[in-house]
Amino acid sequence: MPSQSNIARPYAQALFQLAQEQDNLAGWHEQLQLLATVAEDTRLQELAANPRISSSRLTGLILDVCDGSLDEFGRNLVNLIVQNGRLSAMADIAEAYAACRAEAERTVNATMITAAPIDKGQQDSFSRALREKLGRTVELEFEVDEALIGGAVIRAGDWVVDGSVKAQLERLVGVIGS
């Protein structure tokens, strides 16, 4: 059985190509995020798994929940996804689409986790430094995790820098324990 990411990739690439043709990358992103949220609802998943619920009824329910937030192409996507039994892949499709969009727009979403809150000036400095390091527009989110003790962890895609005191202590314990 193919993994969800293998199922999602062709859908995401086709949708990205359509979005480029329509000059509507952001609009498709919004529609896909909405559909991913709807598809993750456990009640909807139960209905989708029920063989007594027809695909047209399930499609209608999803469109009702989306309440006019989908354009004609988005509504056609819902029909296609439901007909092909791929509703469970919707979050992966949205994620793969977002990756295509980020690559095309040369952006990266990053998270910086610190042991204590940092002020706006420090946030701006870190954002600038990360933008220079990665050579891309960076959308940096900040989180606090007191368990880090001090320092910070930065995640941007597959790239991770762990400069936390917690990680340094773990490495020290590993060296001493060897």
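Notes on the structure follow.

Cut-offs used in this document
- Residues numbered from 1 in each chain as written.
- Predicted model: local features only at pLDDT ≥ 70, side-chain atom pairs only at ≥ 80, totals over all residues.
- Heavy atoms only, no water.
- Helix = DSSP H or I, 4+ residues; strand = E, 2+ residues; numbered from the N terminus.
- Buried < 20%, exposed > 50% of the residue type's maximum accessible area, 1.4 Å probe, protein only.
- Contact = heavy atoms within 4.5 Å.
- Axes fitted to C-alpha atoms, helices over the stretch in contact; angles between N-to-C directions.
- Parallel < 35°, antiparallel > 145°, perpendicular 65-115°, else oblique.
- Left-handed = near helix turned anticlockwise from the far one by under 90°.
- Pairing = 2+ DSSP bridges.

**Details of the overall build of the protein**
Logical step 1: When you go through the protein residue by residue, the secondary structure sums to eight helices and four strands.
Logical step 2: Moving toward the C terminus, one meets the helices and strands of the protein in the order α-α-α-α-α-α-β-α-β-β-β-α.
Logical step 3: For the protein, the spread of C-alpha atoms along the three principal axes comes to 60 × 40 × 30 Å.
Logical step 4: Evaluated residue by residue, the protein yields a buried proportion of 32% over its 178 residues.
Logical step 5: Sequence-distant contacts, at least 24 apart, represent 68% of the contacts inside the protein between residues at least 6 apart.

**Some points on the packing of helix H2 (residues 25–39) against helix H4 (residues 55–66)**
Logical step 1: Where H2 meets H4, the closest approach of the two axes is 11 Å, and the angle between their N-to-C directions is 120°. Of the possible angle classes, the one that applies to H2 and H4 is oblique. Both H2 and H4 take part in a crossing whose hand is right-handed. Along the contact surface, H2 presents Leu34, Leu35 and Val38, while H4 presents Ile62, Val65 and Cys66.

**Examining the sheet that holds strand E4 (residues 159–162)**
Logical step 1: Spatially, E2-E1-E3-E4 is the arrangement adopted by the four strands of the open sheet, whose pairing is mixed. Edge strands, defined here as strands with exactly one partner in the open sheet, are strand E2 (137–144) and E4. Direction aside, neighbouring strands of the sheet carry axes that sit 15° apart on average.
Logical step 2: Pairing analysis gives four bridges linking strand E3 (residues 152–156) to E4, with the strands arranged antiparallel. The residue bridging Arg155 from the neighbouring strand is Val160, located in E4.

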